[in-house]
Amino acid sequence: MLMPLVNMTDPSATTSGQRNDIYAVLLHRVAQSRDRLAFAELFDHFAPRVKSFMMRKGCNAEQAEDLVQEAMIAVWTKAALFSTDRGSVSTWIFTIARNLWIDRLRREKSQLYTDLEDFDAPDGATGAEENLGRSQEDNYVAQALEQIPVEQRELLILSFVEDVPQSEIAQRLNIPLGTVKSRMRLGYQRMRKLLETVT
Amino acid sequence: MKIAHHLDDATLVGFAAGTLAPAHSIVASAHMALCPQCRATLHKAEAIGGGILADQAPTAVSQTLRAATLASLEGLPVSAPKKPSAPLKAGALPDVLVRALGVTSLDQIKWHRKLPGVAIYDVPLPKGTKAKLKLLALEKGRAMPDHGHGGEELTLVLKGSYSDKFGKFTAGDVADLAEDVEHQPIVDSDETCICLISFDVPAKFKSIWARLAQPFSGM
Ligand SMILES: [Zn+2]
């Protein structure tokens, strides 16, 4: 029987004492040995965040919980497809939640995203233990968002959280689409710079 | 395949966030199936979504949801690790286009011909989506229709080539240009140039046929 891996009040207190991505380690255990304890820890951390995220997109609590359940079941069934090469567990769960949301709106099929993931499927060379600091990167994203100009941050939040297309952002803010795009581009590029200096 | 023209970062952020209209998503996805560079940018943009998700203040979920989710895991089929897909062979259609076009090869397209040297196929899209998606087949010397003006427009070359002031666009290249850009792309390949074009339909929309029928100099 495995001991609970994570002390939530101190994310650095992993078994190795390194800056391991604790969630990647948990997910790795789900993938390797269907570890329900590890899954429960992932659920307790991510389900309430996915719920908030869905509610900010306009779901009521009940719809949000439906999507949370679907997302967390996908975490269980797709755990072996996660690759630290592509980012943190939070980023992976974000893509799962985004794809569910897209399918829910029936604007298109999220298969268009999953096809692309297959091109960069993990080659098995990197395990969770080898990849460090990915969950740290999530913290840096939040910090970096605070450091970019407010008009760029606003556009990223409208896109990622409120799901507003760029043409609609242009109408809402009464600015040309070209301005929306250049702010979006600058915002993204500044975020990358900030993240690359710390990771 | 050497790709020289890529998606704009703003388009990739929109794709990462899931806000691109279906027509644009299909073109962007078809380019990315061919382009590791844009896929890498996509994953970086998705990390912004991941950071925002991680930073959400938690909203407690009901105890019944937790129990029901944990109970539902029993016996669920789980995915095995995947091998990376092999890069697409030259001329092969990415899966996203096989689905969108309903063909496995461009030779099977049922073209609609109205003008000499020009054929068009309207790609069906889900109801209620505003942006349009069309395949365009143009013979050497024909001009591409001018830019949509007033919205987003993506052009992906699938076969042949055209050139404009931004250079030569060959199979895999995508033109993702600002709406106010003036340019005049002319097909310069001996073989027919086939492009996939997605565009927003502006309020005062001039049909693609009308735009194609204009004399080259006026475009
Ligand atoms: Zn590219």
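For the structure, check the block above.
Computed from a predicted model, the values in this text were never measured in an experiment. Here, residues in each chain are numbered from 1, in the same order as that chain's written sequence. Labels are handed out in written order, letters beginning with A for the chains and numbers beginning with 1 for the ligands. With the structure being a predicted model, the display of local features is reserved for residues of pLDDT at least 70 and the display and counting of side-chain atom pairs for 80 or more, all residues being used for whole-chain, interface and lining totals. Computation of side-chain values covers all heavy atoms of the structure but excludes hydrogens and water.

**A look at the packing of helix H3 (residues 61–77) of chain A against helix H4 (residues 63–72) of chain B**
Each packed pair of helices is defined by two parameters, the angle between the axes and the distance between the axes. The following threshold applies: Comment: axis = line fitted to C-alpha atoms, over the contacting stretch for helices; angle = value between 0 and 180 degrees taken between N-to-C directions. Secondary structure elements follow DSSP: runs of H or I no shorter than four residues count as helices, runs of E no shorter than two count as strands, and numbering proceeds from the N terminus. When describing relative orientation, an angle under 35 degrees is termed roughly parallel and one over 145 degrees roughly antiparallel, while 65 to 115 degrees is termed roughly perpendicular and anything else oblique. What makes a crossing left-handed is the near helix being turned counterclockwise from the far one by less than a right angle; a clockwise turn instead makes it right-handed. In this description, contact between two residues means that some pair of their heavy atoms is separated by no more than 4.5 Å. Throughout this entry, Asp, Glu, Lys and Arg are counted as charged residues, while Ala, Val, Leu, Ile, Met, Phe, Trp, Tyr, Cys and Pro are counted as nonpolar. The remaining residues, Gly among them, count as polar.
Axis separation between H3 of chain A and H4 of chain B bottoms out at 10 Å; the angle between their running directions is 30°. One element, H3 of chain A, and the other, H4 of chain B, form an angle in the roughly parallel class. In this structure, H3 of chain A meets H4 of chain B at a crossing whose hand is right-handed. Across from Glu65, Val68, Gln69, Met72 and Ile73 of chain A in H3 of chain A, the residues of H4 of chain B making contact are Leu65, Ala68, Thr69 and Ser72 of chain B. Taken together, the residues of the contact of H3 of chain A with H4 of chain B sort by class into five nonpolar, three polar and one charged.

**A closer look at the coordination of the zinc ion**
All names here are of chain B. To keep it simple, the criterion reads: For Na, K and Ca the donor cut-off is 3.2 Å; for every other metal, N, O and S atoms count as donors within 2.8 Å. Water does not enter the count, which can leave sites looking incomplete. Square planar and octahedral assignments, for four and six donors respectively, both demand that opposite donors be over 155 degrees apart and that all other angles lie between 65 and 115; tetrahedral needs four donors with all angles between 85 and 135 degrees, and anything else is irregular. The buried label goes to any residue with under 20% of its type's maximum accessible area, the exposed label to any with over 50%, and the partly exposed label to all in between, with areas taken from a 1.4 Å probe on protein chains only.
In the first shell of the zinc ion, the protein supplies His6 (ND1), His31 (NE2), Cys35 (SG) and Cys38 (SG), at 2.1 to 2.3 Å from the metal. Geometry at the zinc ion is tetrahedral, judged from its four donor atoms and the angles of 94 to 122° they form at the metal. Along the chain, the residues that donate to the zinc ion are spaced as H-x24-H-x3-C-x2-C. Of the residues examined, Cys35 reaches a relative accessible area of 2% and is grouped as buried.

**Structural notes on the packing of aromatic side chains**
Residues and elements named next belong to chain A. What counts, and what does not: Here is the rule: rings of Phe, Tyr and Trp (six-membered ring for Trp) pair when centre to centre is within 6.5 Å. Planes less than 30 degrees apart are stacked, more than 60 are edge-to-face, and the remainder are tilted.
Using the criterion set out here, one finds eight aromatic pairs over all chains in the structure. Consider the rings of Phe39 and Trp76, whose centres lie 5.5 Å apart with planes at 85°: the pair is edge-to-face. Here the residue Phe39 occupies a position in helix H2 (residues 36–56), and Trp76 occupies one in helix H3, the gap between them amounting to 37 residues. Across this residue pair, the class does not change: Phe39 and Trp76 are buried. Members of the aromatic cluster, connected to one another through ring pairs, are Phe39, Phe43 and Trp76.

**A closer look at the packing of helix H4 (residues 89–105) of chain A against helix H5 (residues 111–119) of chain A**
All names here are of chain A. Two elements in contact, H4 and H5, have axes whose closest approach is 9 Å; the angle formed by their N-to-C orientations is 150°. What the angle tells us is that H4 and H5 run roughly antiparallel. The segment H4 lies against H5, with Thr95, Arg98, Asn99 and Ile102 engaging Tyr113, Thr114 and Glu117. Considering only residue class, the contact of H4 with H5 consists of two nonpolar, three polar and two charged.

**Quick word on the pattern of salt bridges**
What counts here: Whenever Lys or Arg places a side-chain nitrogen within 4 Å of a carboxyl oxygen from Asp or Glu, that contact is recorded as a salt bridge.
This structure, assessed with the given rule, holds 16 salt bridges over all chains. Three or more residues joined by partner-sharing salt bridges are found here, namely Glu162, Glu168 and Arg172 of chain A.

**With respect to the interface of chain B and chain A**
Under the convention used in this document: Note on definitions: buried area is the accessible-area loss of two parts on being combined, 1.4 Å probe, summed for both. Each polar contact in these results corresponds to two N or O atoms within 3.5 Å; when the atoms are within protein, one needs to be able to donate a hydrogen and the other to accept it, and residues that are neighboring in sequence are counted only if both atoms are side-chain atoms.
Across the contact, 69 residues belong to chain B and 70 residues belong to chain A. Taken over both partners, the interface formed by chain B and chain A buries close to 6,400 Å², and the fraction arising from carbon and sulfur atoms is 62%. Our enumeration of links across chain B and chain A arrives at seven salt bridges. A salt bridge links Lys181 of chain A to Glu152 of chain B, with the nearest nitrogen and oxygen atoms 3.1 Å apart. The tally of links from chain B across to chain A stands at 23 residue pairs in polar contact (both at pLDDT 80 or more). Elements that contribute at least two residues to the side of chain B that touches chain A include exactly helix H1 (9–17), helix H2 (22–34), helix H3 (36–54), H4 and helix H5 (95–101) of chain B. The biggest single contributor to the side of chain B that touches chain A is H3 of chain B, with 15 residues. In terms of residue class, the side of chain B that touches chain A is built from 35 nonpolar, 20 polar and 14 charged.

**A short note on the pairing of strand S1 (residues 112–115) of chain B**
Residue and element names in this part refer to chain B. Basically, it comes down to this: The pairing criterion for strands is at least two bridges between them, as found by DSSP.
As defined by bridge partners, S1 adjoins strand S2 (residues 118–122) across three bridges and the pair is classed as antiparallel. Each bridged residue has a counterpart across the sheet, and for His112 the counterpart in S2 is Ile120. Joining the antiparallel neighbours S1 and S2 is a turn of two residues, in which Gly117 adopts a positive phi near 80°.

**Overview of the environment of Ile26 of chain B**
As for its position among the elements, Ile26 of chain B is in helix H2. On the basis of relative accessible area, Ile26 of chain B is assigned to the buried category, the value being 11%. A sequence separation of 172 residues divides Ile26 of chain B from Ser198 of chain B, and the C-alpha atoms of the two residues are 8.5 Å apart. In this structure, Ile26 of chain B is in contact with Leu112 of chain A together with Val96, Leu97, Ala100, Leu125 and Leu133 of chain B, ignoring residues within four places of it in sequence.

**Let's talk about the sheet that holds S2 of chain B**
Residues and elements named next belong to chain B. Overall, antiparallel pairing links the six strands, which are arranged S1-S2-S3-S9-S4-S7 in an open sheet. What marks the edges here is a single partner per strand, and that holds for S1 and strand S7 (174–176). Going from strand to strand, the sheet's axes swing by 25° on average, the running direction of each strand aside. Sheet strands touched by H2: strand S3 (132–138), strand S4 (153–159), S7 and strand S9 (193–199). Its angle to S4, the strand with the most contacts, is close to 40°.

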